[in-house]
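# Architecture and fold: a report
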Amino acid sequence: MPVGIFRVCLVVITAIVNHPLLFPKENGTVPENAEEIIQKMKEREESLRLEKLRLEQEIAHQEAMQKTLEKAAEVVEESKEEKVRWDMWTALSMVIFLLIELWRQDFQEGIWQDTGGEEDDMAVLGKAFKGVAFPDKAVLASFYEKRILGTTGDMARMREMVEGFADDLLEALRSVCNRDADMEVEDCMGVGSMYENWRVRKPFVCDLIVPFAPPEPYCFRSQTWCSGDSFPPDEQGYGTIKVCRADEDVTGCICDKTKLGEDMLCLLHSQANTTRPSSEMEDLLCFKNTQYLDADQVMKWFQIAVTKAWNRISHKYEFDLSFSLLDSPGALKIKFRSGKSIAFNLTPVVQYENSDVYFISHFPRSGLAADLPSSTHWFLTFAVYERRFIQLVSKMLPANACHVSCLQILSFLHGKQCSLTGPSGLTNYHLKTVMLHLLQARPSQDWAPEKLEARLQDMLKFVEKCLHEKKLYHFFIGNRKVPAELGFPIIFQRAEPLNLFRPFVLHRDVYRKTVDTFHEMLRNMSALINEYTVHIPLAHTNGIHKESL
């Protein structure tokens, strides 16, 4: 009971305390605050909704950007792969284009192709020249007799006159030189077409070489491209000449290769011997501050010496002597009072060891000749051995062999064509080299006089093959079949073959001009020969053919 009464009282008290009338001021504002709260809640809800929308838009935008970036990355990756593929195709296309261009330049000229003839044939006339009319034996024989054979006597008389004058001039040169300081000049030697009896075109020019040596106690020590040291391709065929004291070690002392201290002396060489004044070496015609012989200095000295020698003996002759060509320092011309003149070349050379190979200071210029690497590089000439080889082989050939006749006819035709269409990279020396190769390749009976036509065709085929391949090897360098009777230096036989047509690879414009000139010569061959050939009766021609049969 008391517990129940307590509970009733507690309820009543609670009701009274919580009755709104007991606190009118405080509880009267409750409804207004609720509305404000509700309004704020609605505004907050609206702001949250807007924020949500904004965030959803930003997320959508970021997703779109991400997708765009991913697509852009894919495009870039694809473009890179495409670019790599394109670069590869571009490079491959360029290589194919260059190969096609090289092939076109080589073959669009109508270059001849081998049709698989006999093994003796070096090449055959190509399709573009199958219609070329080749002169027969009778026409060639008449042409050779009327146009070429008559010049032999003129060459002999000119050689005799030039050699006699050159000997007198060199004797006077020795007398004006200082024997203790100047170079020692030896007797001259005749080389080239005039002394091998195949020169046909005028003016006739005698080529004389004059060996010289340094004064005592000096000597020349030479070094060639095939002596063991590495020479670049453009210096093959050249060598250098070092001026040394005769008592100097060939291999050189170690004091020349290492720097000794100021307080150290070489026990083999005194300071006076190892250090040469530059003026002394220049007096020995060396390049400045070196011991290497300078070709330009040699030619200046030689020209001055020849001028002094001529002033000493000019009163004995009834003609004038002068240097005729600026680009060929050894070119001299004899001028007679009648107006006639005789030209000849007098060129100083240095002997290679104890052989007949010579270092020549200046080589005759041609359309294919390249400039010397430097004035201390000397070209090697094998002209003496070439003349000896022709003389040796001629003794084994039939009487009146046609090898010289073939070279003369081809030289005449090519020279005549060059006079019409301009100079060519093909020179008479190249034609002679072709003849030397064929002389070694063919048996002696193939050079009988009645086989002139066949051998002339062989030479043309050989020239065509070499032009097509851009390869014509020097006859002596790298040729191990040189007859032992010549005494040719073994070092050059064991050397790598020297390609005389290498400049054609570097100068394609010269090559194209040369090929065009050669083809034009073939087309004009019959006309050029008929121009200098008298009419041959048909009966005489038939008689010649019967004799050949």
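Model, not experiment: these values are computed from the prediction.

This paragraph deals with the pattern of salt bridges. Side-chain pairs of opposite charge can arise whenever the charged atoms involved come near each other. The tally for this structure, following the rule as stated, stands at 15 salt bridges. Salt-bridge contacts for Arg-54 lead to Glu-58; the nearest nitrogen and oxygen are separated by 2.4 Å. Taken as a pair, Arg-54 and Glu-58 lie in helix H3 (residues 30-107) at a separation of four residues, close to a single helical turn. Classification of Arg-54 by relative accessible area gives partly exposed; the value is 36%. Lys-432 is the salt-bridge partner of Glu-196, the closest N and O atoms lying 3.2 Å from each other. Here Glu-196, found in helix H6 (residues 193-196), pairs with Lys-432, found in helix H12 (residues 428-441); they are 236 residues apart in sequence, far enough to count as distant. In this structure, Glu-196 and Lys-432 share a single accessibility class: buried. The network of salt bridges with common partners includes Arg-442, Asp-446, Lys-451, Arg-455 and Asp-458.

What follows covers the packing of helix H13 (residues 452-469) against helix H16 (residues 508-531). The interhelical angle for the contact between H13 and H16, taken along N-to-C directions, is 155°, at an axis separation of 11 Å. Considering their axes alone, H13 and H16 lie roughly antiparallel with respect to each other. As for the relative orientation of H13 and H16, their crossing is left-handed in sense. Two secondary-structure elements touch here, H13 through Leu-460, Val-463, Glu-464, Leu-467 and His-468 and H16 through Tyr-511, Thr-514, Phe-518, Met-521, Leu-522 and Met-525. Of the residues belonging to the contact of H13 with H16, the class tally is eight nonpolar, two polar and one charged.

What follows concerns the confidence of the model for the chain. Scored by pLDDT, the chain has a mean of 78; 72% of the residues are at 70 or more. Confidence scores differ between elements of the chain, with helix H17 (residues 538-548) showing the lowest mean pLDDT of 38 and H12 the highest of 96. Confidence over residues 256-260 falls short of pLDDT 50; this stretch has six contacts with residues more than four positions distant or in other chains. The low-confidence segment residues 535-549, where pLDDT is below 50, has nine contacts with residues more than four positions distant or belonging to other chains.

This part takes up the nonpolar core. Core analysis: the largest hydrophobic core is formed by 110 residues, its most contacted members being Leu-169, Leu-293 and Phe-344. Both domain 1 (117-149 + 397-534) and domain 2 (151-248 + 277-381) contribute no fewer than three residues apiece to this core. One finds Ile-209, Val-349, Tyr-358 and Val-384 within the second-largest nonpolar core, a separate group that totals seven residues.

Spacing of three or four residues puts side chains on the same side of an α-helix, whose turn is 3.6 residues. Between its first and last C-alpha, H16 extends 33 Å over 24 residues, near the 34 Å set by a 1.5 Å rise per residue. At Asn-524, H16 is bent by approximately 55°, the largest bend along its length. Restricting attention to buried positions, one finds in H16 the residues Tyr-511, Thr-514, Val-515, Thr-517, Phe-518, His-519, Met-521, Leu-522, Met-525, Ser-526, Leu-528 and Ile-529.

Thresholds, definitions, all that
- Residues numbered from 1 in each chain as written.
- Predicted model: local features only at pLDDT ≥ 70, side-chain atom pairs only at ≥ 80, totals over all residues.
- Heavy atoms only, no water.
- Salt bridge = Lys/Arg side-chain N within 4 Å of Asp/Glu carboxyl O.
- Helix = DSSP H or I, 4+ residues; strand = E, 2+ residues; numbered from the N terminus.
- Buried < 20%, exposed > 50% of the residue type's maximum accessible area, 1.4 Å probe, protein only.
- Axes fitted to C-alpha atoms, helices over the stretch in contact; angles between N-to-C directions.
- Parallel < 35°, antiparallel > 145°, perpendicular 65-115°, else oblique.
- Left-handed = near helix turned anticlockwise from the far one by under 90°.
- Contact = heavy atoms within 4.5 Å.
- Nonpolar A, V, L, I, M, F, W, Y, C, P; charged D, E, K, R; others polar.
- pLDDT = per-residue confidence, 0-100.
- Core = buried A, V, L, I, M, F, W, Y, C linked by side-chain atoms within 4.5 Å.
- Domains from an automatic or database assignment.
- Expected span 1.5 Å × (residues − 1).
- Bend = angle between axes of the 7 residues up to and from the residue.

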